[in-house]
Amino acid sequence: MVEAKSYSGSCHCGAVAFDVELDLSGALKCNCTICTKLGAVWAFAPKTKFKLTSGEAQQGDYQFGKKHLHHRFCTACGVESYAEGTAPDGTASVGINLRSIEAIDVDKLSPRPWDGRSL
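Residues numbered from 1 in each chain as written. Predicted model: local features only at pLDDT ≥ 70, side-chain atom pairs only at ≥ 80, totals over all residues. Heavy atoms only, no water.

Draft legend 1. Local environment of the overall build of the chain. Helix and strand counts for the chain come out as one helix and ten strands. Secondary structure elements in the chain, listed N-terminal to C-terminal, are β-β-β-α-β-β-β-β-β-β-β. A compact globule built from 119 residues would reach a C-alpha radius of gyration of about 14 Å, and the chain, at 13 Å, matches this within 12%. A total of 119 residues make up the chain; the buried ones form 36% of that total. (Helix = DSSP H or I, 4+ residues; strand = E, 2+ residues; numbered from the N terminus. Rg over C-alpha atoms; globule rule 2.2 N^0.38 Å. Buried < 20%, exposed > 50% of the residue type's maximum accessible area, 1.4 Å probe, protein only.)

Quick look at the structure:
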(Lines give C-alpha, C1' and ligand atoms only; values in the text may rest on other atoms or scores of the structure.)
Protein backbone atom coordinates (compact mmCIF):
# COMPACT_ATOMS: atom_id res chain seq x y z
CA MET A 1 0.00 0.00 0.00
CA VAL A 2 1.30 3.45 -0.97
CA GLU A 3 1.78 5.77 1.97
CA ALA A 4 1.76 9.45 1.12
CA LYS A 5 2.80 12.01 3.71
CA SER A 6 2.32 15.77 3.82
CA TYR A 7 5.34 18.00 3.32
CA SER A 8 6.05 21.70 3.00
CA GLY A 9 8.79 22.99 0.74
CA SER A 10 10.14 26.14 -0.81
CA CYS A 11 12.81 27.69 -2.97
CA HIS A 12 16.02 28.89 -1.29
CA CYS A 13 14.78 32.39 -0.40
CA GLY A 14 11.30 31.17 0.60
CA ALA A 15 9.39 33.34 -1.88
CA VAL A 16 7.91 30.27 -3.63
CA ALA A 17 6.44 27.84 -1.11
CA PHE A 18 4.10 24.85 -1.31
CA ASP A 19 2.43 21.99 0.52
CA VAL A 20 2.22 18.54 -1.07
CA GLU A 21 1.30 14.94 -0.29
CA LEU A 22 4.02 12.58 -1.55
CA ASP A 23 4.93 8.92 -1.55
CA LEU A 24 8.74 8.85 -1.45
CA SER A 25 8.96 5.20 -2.52
CA GLY A 26 8.68 6.36 -6.15
CA ALA A 27 11.58 8.84 -5.93
CA LEU A 28 13.78 9.00 -9.00
CA LYS A 29 16.93 10.59 -10.39
CA CYS A 30 16.70 11.61 -14.01
CA ASN A 31 19.79 11.88 -16.21
CA CYS A 32 18.37 14.45 -18.66
CA THR A 33 20.41 17.60 -19.17
CA ILE A 34 18.42 19.86 -16.84
CA CYS A 35 18.03 17.33 -14.00
CA THR A 36 21.73 16.50 -14.16
CA LYS A 37 22.66 20.17 -13.84
CA LEU A 38 20.09 20.72 -11.06
CA GLY A 39 21.11 17.66 -9.07
CA ALA A 40 17.41 17.11 -8.51
CA VAL A 41 15.80 14.04 -6.94
CA TRP A 42 12.11 13.87 -7.86
CA ALA A 43 8.86 12.48 -6.50
CA PHE A 44 5.55 12.90 -8.28
CA ALA A 45 2.01 13.57 -7.14
CA PRO A 46 -1.33 14.40 -8.72
CA LYS A 47 -1.73 18.16 -8.96
CA THR A 48 -4.77 17.84 -6.67
CA LYS A 49 -2.32 16.93 -3.86
CA PHE A 50 -0.26 20.10 -4.40
CA LYS A 51 -0.98 23.61 -3.12
CA LEU A 52 1.18 26.62 -3.92
CA THR A 53 1.07 28.64 -0.68
CA SER A 54 3.07 31.65 -1.86
CA GLY A 55 5.00 33.03 -4.77
CA GLU A 56 2.83 32.57 -7.83
CA ALA A 57 3.92 35.98 -9.14
CA GLN A 58 7.61 35.25 -8.33
CA GLN A 59 7.82 32.19 -10.59
CA GLY A 60 9.46 31.76 -13.92
CA ASP A 61 8.60 28.97 -16.35
CA TYR A 62 11.21 27.09 -18.34
CA GLN A 63 10.46 24.51 -21.01
CA PHE A 64 12.84 22.63 -23.26
CA GLY A 65 12.96 19.65 -25.57
CA LYS A 66 9.43 18.39 -26.24
CA LYS A 67 8.04 21.04 -23.87
CA HIS A 68 5.98 18.54 -21.88
CA LEU A 69 7.02 19.95 -18.51
CA HIS A 70 6.82 23.43 -17.07
CA HIS A 71 9.88 23.81 -14.84
CA ARG A 72 8.87 26.38 -12.21
CA PHE A 73 11.65 28.38 -10.62
CA CYS A 74 11.91 31.36 -8.30
CA THR A 75 12.90 34.51 -10.19
CA ALA A 76 14.60 35.87 -7.04
CA CYS A 77 16.89 32.96 -6.04
CA GLY A 78 16.69 30.75 -9.15
CA VAL A 79 15.79 27.49 -7.41
CA GLU A 80 13.44 25.08 -9.20
CA SER A 81 11.21 23.57 -6.53
CA TYR A 82 8.78 21.75 -8.78
CA ALA A 83 7.66 21.06 -12.33
CA GLU A 84 4.17 20.66 -13.75
CA GLY A 85 3.02 18.32 -16.47
CA THR A 86 0.80 15.40 -17.32
CA ALA A 87 1.33 11.83 -16.17
CA PRO A 88 1.23 9.04 -18.78
CA ASP A 89 -2.39 8.32 -17.77
CA GLY A 90 -3.39 11.94 -18.50
CA THR A 91 -3.54 13.12 -14.88
CA ALA A 92 -2.31 16.65 -14.20
CA SER A 93 0.79 16.10 -12.06
CA VAL A 94 3.63 17.83 -10.27
CA GLY A 95 7.19 16.67 -9.89
CA ILE A 96 8.68 17.88 -6.63
CA ASN A 97 12.41 18.52 -6.37
CA LEU A 98 12.88 16.72 -3.06
CA ARG A 99 15.90 18.88 -2.29
CA SER A 100 13.44 21.76 -1.77
CA ILE A 101 11.89 20.02 1.26
CA GLU A 102 14.02 20.41 4.38
CA ALA A 103 12.26 17.53 6.16
CA ILE A 104 13.61 15.06 3.57
CA ASP A 105 17.22 13.86 3.58
CA VAL A 106 17.66 12.76 -0.03
CA ASP A 107 20.90 10.96 0.89
CA LYS A 108 18.79 8.46 2.86
CA LEU A 109 16.58 7.67 -0.13
CA SER A 110 17.24 5.13 -2.87
CA PRO A 111 15.86 6.89 -5.93
CA ARG A 112 15.54 4.75 -9.02
CA PRO A 113 17.38 5.93 -12.12
CA TRP A 114 15.33 7.39 -14.98
CA ASP A 115 16.80 7.67 -18.46
CA GLY A 116 15.34 11.03 -19.45
CA ARG A 117 18.29 11.74 -21.72
CA SER A 118 17.14 9.08 -24.20
CA LEU A 119 13.51 10.23 -24.39
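Draft legend 2. Just the sheet that holds strand 2 (residues 17-22), in detail. Sheet architecture is open: three strands sit in the order 1-2-5, paired in antiparallel fashion. Of all strands in the sheet, those bounded by a partner on one side alone are strand 1 (5-10) and strand 5 (50-54). The mean angle between the axes of side-by-side strands here comes to 20 degrees, regardless of whether they run parallel or antiparallel. (Pairing = 2+ DSSP bridges. Axes fitted to C-alpha atoms, helices over the stretch in contact; angles between N-to-C directions.)

Draft legend 3. Local environment of the pairing of strand 9 (residues 92-97). Burial of strand 9 is extensive: five of the six residues sit out of reach of the surface. Where strand 4 (residues 42-46) and strand 9 come together, five bridges link them in antiparallel fashion. Looking across to strand 9, one finds that Phe44 is bridged to Gly95. Here strand 8 (residues 80-86) pairs with strand 9 via five bridges, running antiparallel. Residue pairing across strands places Gly85 opposite Ser93, the latter belonging to strand 9. Connecting the antiparallel pair strand 8 and strand 9 is a turn made up of five residues, with Gly90 showing a positive phi of about 95 degrees.

Draft legend 4. Looking closely at the nonpolar core. Counting residues in each nonpolar core, the largest one holds 19 residues, and the members touching the most others are Val20, Leu22, Phe50, Ile96, Leu98 and Ile101. Among the secondary structure elements, those contributing two or more residues to this core are strand 2, strand 4 and strand 9. Residue contributions to this core peak at three residues, all from strand 2. Ranked by size, the runner-up nonpolar core spans eight residues in total, among them Leu28, Cys32, Trp42 and Ala83. (Core = buried A, V, L, I, M, F, W, Y, C linked by side-chain atoms within 4.5 Å.)

Draft legend 5. Spotlight on unusual backbone geometry. In the Ramachandran plot, Lys67 falls in the positive-phi region, its phi being about 55 degrees despite a non-glycine side chain. Its place among the elements puts Lys67 in the loop between strand 6 (59-62) and strand 7 (70-74).

Draft legend 6. The side chain of Asn97, seen in detail. In this fold, Asn97 is placed in strand 9. Take Asn97: its relative accessible area is 6%, and that puts it in the buried class. At a separation of 3.0 Å, a polar atom in the side chain of Asn97 contacts the main-chain carbonyl oxygen of Glu80. Residue contacts for Asn97: discarding those within four places in its chain leaves Ala40, Val41, Trp42, Glu80, Ser81 and Tyr82. (Polar contact = N/O pair within 3.5 Å; in protein donor to acceptor, adjacent residues only side chain to side chain. Contact = heavy atoms within 4.5 Å.)

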